[in-house]
Amino acid sequence: MTSAAQHDGAEAPGTAGETRPPVTPPGRWTFPEPATSRLANGLSVLAYDIPGQYVLSVRVVVPLSTRAEPRDREGVATLMARLLDEGTEAHSTDEFTELLERRGIDFGAGLSEAGLTVHVEVPKRNLGAALDLVHEALATPSFPDREVGRLVRTRLAEIEQERASAPHRAMREFAATYFDPAERASRPTAGTVETVSGLTRADVVAFHATHVAPNASTVVIAGDLAGVDVAAAVADSLGGWAPGPVPVAEPSRSAARAAADARRIVLVDRPGSVQSEMIVGCAGPDRHVDPTWSAYSVVSFVVGGSPNARVDAVLREDKGYTYGMRSAFRPRRAGGLFLTTGSVRTEVTVEALDLLLGILADARDGFTAVECTNGVDFLRNTAPSRYATADAVADEAAGLVLDGLPSTFTTSNLDAMATLTPEALTAAYDRFVDGRWTVIVVGDAGAYADRVRALGRGPVSVVAN
Amino acid sequence: MPLDYPVVRHTLANGLRVVVSPDHSIPTVTVNLWVNVGSRHEVPGRTGFAHLFEHLMFQGSRNVASGDHFALLMAAGGRLNATTWFDRTNYFETLPTGALDLALWLEADRHGHLLDAVNQANLDNQRDVVKEEKRQRYDNVPYGNALRDLYATVFPEDHPYHHPTIGSMADLDAATVEDVHAFFRAHYGPDNTVLSLVGDITPEDAIARVDRFFGDLPAIGHVARPTLPQLAPLTEPERHTVVGAVPNDRLYLGFRLPVERDPQFLAAALAIEALAGLSMSRMVRRLVRGEQSATSVQGHTMGFVDGVSLGLLAIDVAEGVDPDRVEEAVLEELRGFATRGATDAELEAALAGAERGWLSDLAAQDQRADALSHQALLHDDPDYVNRFLDDLSAVTAEEVAAAAQAWLAPGSRGVVAYLTGEEDVA
């Protein structure tokens, strides 16, 4: 159908010209408030009604810490998560897969340092079936021996794939260099060859029995809930999930400690590499920081969140060294990191690293009022579209639960942003950035190791890929 | 279940096709432009140019300084980007409704008056940036050039889809400011563009605003060449093997498919889903969970408009397993599928997954706008976003089997094998 255009009140064509139109600022926006309830088994329920979102997003968050894994069994929690939809007491692997996919249910489960998250996307009419299957997967997984062995081998293949991927390889080296070796955070969440190879069904069963229970868990349901009796749907499904024998402890809120020699440069050698993948990092806050996480969101944007941010204004738009580097404060449940990541062509590795360290140091001298305003406006005014879908709302809500933050956090953080000053940004940055960095470069070390040493930016070591 | 997203169409006097879909759920609007030029329009010696050109669209225009397009829109609360693909280049931003005029002004300035600002320094800088993009996304990534190799294996050398959108380093090096001028004049104009607006606006107001900012851009008299005739399936298998530093053996099997709106295209897409795109797909069931000769199997379909589409299977071979044996098992499954067709359960799951995927794709204003522009530019039919699921669910099991027989025969495969080993190329 073609409409007849109405031109009432509009200027004639051709008058737009040279004058940039003014912008009318939007009003205050708030993150949706959930309807909350709690089942007898301890499970908290957060329901976000978002009209027009016909694919519903479900998250089940089970707080647990990867620190609880036995040292020689690290990765068992991730393996357990990946096995949840591989068969239950009532259904074989193939049967369970069919039950999900014939109803259009996308099911995934993964581990972060703070907990297990099951994530499900489902057309609205099949919510009940989806919740039944989520309950079955969490409460009565069978962990078939054959699938345990298969997913162990899949993880071993994945370790090789991650070793071959420069960004993954860099992050693994960063964790190993930055965190104290006694910390679980210094090693991959999903485990290493040494810890994964020997995992058995008994290990998985034991970990699940000890750590996966509804007692302290939360289910988030987001989407168009008109006509959906969420309370009944959850009670009829996850309501039957038996509580654990003992109260499941909340993961601790102590930050992982940095290594005594964290501030150094490690070159991971990949002869012939056409690019150098870099991570430059130091400590950062978690989202409980006072004052205030909002400042760190804005600083991330101003330093390295866009092509016009300080890092890419030089390294991309002026020098053409990179497709783009990003700087961001990355909160963990407790503590956090400030990381700048990206890749440059091998030939300019030393120049790029030197420039980058200079840009990050200069930021300690302060941010401008224009930077502050632009960053605040970007983050506040993009919020409605960033959180428009059921998927985005569910992810945000689940992330708050994992970090032990209230569901009002997103809105209060956006409100706090409105009062930020350039001085507040500078203070926030200076509180964590002291100019001493852990630097990882994955690339052809032979091409630049001597010149990196000559920069005098800290001790340099070279390790094999 | 028919969808009912509102779709209002209007064409300006200069040929700009406008699509408006009001959605007042949040106080934002998406501006999405599709220009009818992609890597399929590139000429020999200038591969990668459509994409390099897209980068220059952010480097200033008659009334906009270099970098200000990003800076002004982000400061106004806009999220924006652009991408280039075989069949089109798209430019898009989502922003508070009160910044719509700014977005339209910026887009009209660069879509109408880019060349005032193009210079050698901008070109050289963005050429370097694009070369880093190529290194980061393709050359420095295991299997990063596998799809490039698959296009070259499955499509004839002189075909528009033979080369990838990113192009080659040599061709990027060869690009000149004169090329930029000629490319802009040939392809960028209101009569070769669709502009979609989705969000907190009314059709009347939206169309009036678009007319105000774009109405004075002159038509370029663009006459599209007719699309190429449908390519037949390969008549014998083609093969390209790369031996080198990859973590495990991986096989890609590519097949020529009907163009995106051909009646057989959806049937072929459902066949690939049933074969390899789901966890319950028969190839996953057999190779990953049964024989455990593969650690993953994936199936994808890429719909194109210029004489052919692409169906592909990607198989990660398990450690210690002979890739030839895995390939033979894949061919057995293809033969069995062509003979007996999909099971009811496979077809039901393929449809259910596609429905969830399509509804998810339309859930956000920005992606909905992109879908409208796609259907408007390439098929003159934006309302298809509301009918796609009906068309898909009307496909019968017999049609799926027939599409597999016609297009997914083992003898019509192009194989790209990335194998672990010491040599660079075997």
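This is a predicted model, so every value here is computed, not measured. (Residues numbered from 1 in each chain as written. Chains lettered and ligands numbered in written order. Predicted model: local features only at pLDDT ≥ 70, side-chain atom pairs only at ≥ 80, totals over all residues. Heavy atoms only, no water.)

## Quick notes on the overall build of chain B
Phase 1: Within chain B, the regular secondary structure consists of 15 helices and 11 strands.
Phase 2: Taken over the C-alpha trace, chain B has a radius of gyration of 23 Å; the compact-globule value for 426 residues is 22 Å, and the two agree within 12%.
Phase 3: Projected onto the principal axes, the alpha-carbon positions of chain B cover approximately 60 × 50 × 40 Å.
Phase 4: Burial status across chain B gives 64% buried among its 426 residues.
Phase 5: Partitioning the contacts of chain B with sequence separation of at least 6, the portion at a separation of at least 24 is 81%.
Phase 6: Just so you have it, chain B exposes about 14,600 Å², and 51% of that area is on carbon and sulfur atoms.
Phase 7: In chain B, the 33 positive side-chain charges and the 62 negative ones have mean positions that sit 1 Å from each other. (Helix = DSSP H or I, 4+ residues; strand = E, 2+ residues; numbered from the N terminus. Rg over C-alpha atoms; globule rule 2.2 N^0.38 Å. Buried < 20%, exposed > 50% of the residue type's maximum accessible area, 1.4 Å probe, protein only. Contact = heavy atoms within 4.5 Å. Areas by Shrake-Rupley, 256 points an atom, 1.4 Å probe, with all protein chains shown as cover. Lys, Arg positive; Asp, Glu negative; His and termini not counted. Charge placed at Lys NZ, Arg CZ, Asp CG, Glu CD.)

## Brief notes about the pattern of salt bridges
Residue and element names in this part refer to chain B.
Phase 1: Throughout the structure, instances matching the rule amount to 67 salt bridges over all chains.
Phase 2: Between aspartate 116 and arginine 62 there is a salt bridge; the shortest N-O distance is 2.6 Å. Placement of aspartate 116 in the loop between α3 (100-113) and α4 (120-139) and of arginine 62 in the loop between α1 (49-56) and α2 (68-75) is noted, with a sequence separation of 54 residues between them.
Phase 3: Take arginine 62: its relative accessible area is 47%, and that puts it in the partly exposed class. (Salt bridge = Lys/Arg side-chain N within 4 Å of Asp/Glu carboxyl O.)

## Here's the deal with the pairing of strand β8 (residues 250-257) of chain B
Residues and elements named next belong to chain B.
Phase 1: The buried fraction of β8 is high, at eight of eight residues.
Phase 2: Residue alternation in β8 divides its side chains into two sets, Arg250, Tyr252, Gly254 and Arg256 and Leu251, Leu253, Phe255 and Leu257, and both sets are buried.
Phase 3: As defined by bridge partners, β8 adjoins strand β11 (residues 414-420) across five bridges and the pair is classed as antiparallel. Along β11, the bridge assignment pairs tyrosine 252 with valine 416. (Pairing = 2+ DSSP bridges.)

## Details of the sheet that holds strand β10 (residues 336-345) of chain A
Residues and elements named next belong to chain A.
Phase 1: Pairing is mixed in the open sheet, where six strands are placed in the order β9-β10-β8-β11-β7-β12. One side of each edge strand has no neighbouring strand; the edge strands of this open sheet are β9 (326-331) and β12 (460-464). Mean inter-strand twist for the sheet, computed between neighbouring axes without regard to direction, equals 20°.
Phase 2: Pairing geometry for strand β8 (residues 275-284) and β10, over 10 bridges, is antiparallel. By the bridge assignment for β10, valine 280 is matched with threonine 340. (Axes fitted to C-alpha atoms, helices over the stretch in contact; angles between N-to-C directions.)

## Some details on the nonpolar core
Phase 1: Counting 123 residues, the largest nonpolar core has A:Tyr429, B:Phe53, B:Leu197 and B:Phe214 as its most contacted members.
Phase 2: Counting 89 residues, the second largest nonpolar core, distinct from the first, contains B:Phe265, B:Met283, B:Tyr384 and B:Leu408. (Core = buried A, V, L, I, M, F, W, Y, C linked by side-chain atoms within 4.5 Å.)

## So, the packing of aromatic side chains
For any pair of aromatic rings, geometry is given as the distance between the ring centres together with the angle between the planes.
Phase 1: Applying the stated criterion across every chain, the model contains 30 aromatic pairs over all chains.
Phase 2: An angle of 50° between the planes, with centres 6.1 Å apart, marks the rings of B:Tyr143 and B:Tyr418 as tilted. Here the residue B:Tyr143 occupies a position in the loop between α4 and α5 (146-154), and B:Tyr418 occupies one in strand β11, the gap between them amounting to 275 residues. Both residues of the pair, B:Tyr143 and B:Tyr418, belong to the buried class.
Phase 3: Pairing B:Phe184 with B:Tyr188 gives two aromatic rings, centres 5.8 Å apart and planes at 15°, and the pair type is stacked.
Phase 4: Given the relative accessible area of 7%, B:Phe184 is considered buried.
Phase 5: Here B:Tyr188 falls in the buried class, since its relative accessible area comes to 2%.
Phase 6: One aromatic cluster is present, formed by A:Trp293, A:Tyr296, A:Phe329, A:Phe338, A:Phe367, A:Tyr429, A:Phe432 and A:Trp437 through successive ring pairs. (Phe/Tyr/Trp six-rings, centres within 6.5 Å; stacked < 30°, edge-to-face > 60°.)

## Observations regarding the sheet that holds strand β6 (residues 193-199) of chain B
The pairing of strands in a sheet comes from backbone hydrogen bonds and takes either a parallel or an antiparallel form.
Residue and element names in this part refer to chain B.
Phase 1: Across the sheet, six strands lie side by side as β1-β2-β6-β3-β5-β4; this open sheet has mixed pairing. Each end of this open sheet is capped by a strand with a single partner; those strands are β1 (8-11) and β4 (79-84). With direction set aside, neighbouring strand axes in the sheet form an average angle of 15°.
Phase 2: Alignment of strand β2 (residues 17-22) against β6, held across six bridges, turns out to be parallel. The residue of β6 that forms the bridge with arginine 17 is valine 194.
Phase 3: Each of β4 and β5 (89-96) touches α2; the most contacted strand, β4, lies at about 140° to it.
Phase 4: Relative to β2, helix α8 (residues 203-214) is tilted by about 145°, and along the sheet it contacts β1, β2, β3 (28-35) and β6.

## Regarding the confidence of the model for chain B
Phase 1: Residues of chain B with pLDDT of at least 70 account for 99%, and the chain-wide mean is 96.
Phase 2: Scored by ipTM, the complex comes to 0.95, with pTM at 0.95. (pLDDT = per-residue confidence, 0-100.)

## Notes on helix α1 (residues 76-83) of chain A
Residue and element names in this part refer to chain A.
Phase 1: Burial of α1 is extensive: seven of the eight residues sit out of reach of the surface.
Phase 2: For α1, the complete set of buried residues consists of Val76, Ala77, Thr78, Leu79, Met80, Ala81 and Leu83.
Phase 3: Contact partners of the buried residues in α1: β4 (106-112), β5 (115-123), α4 (145-164) and α7 (201-211).

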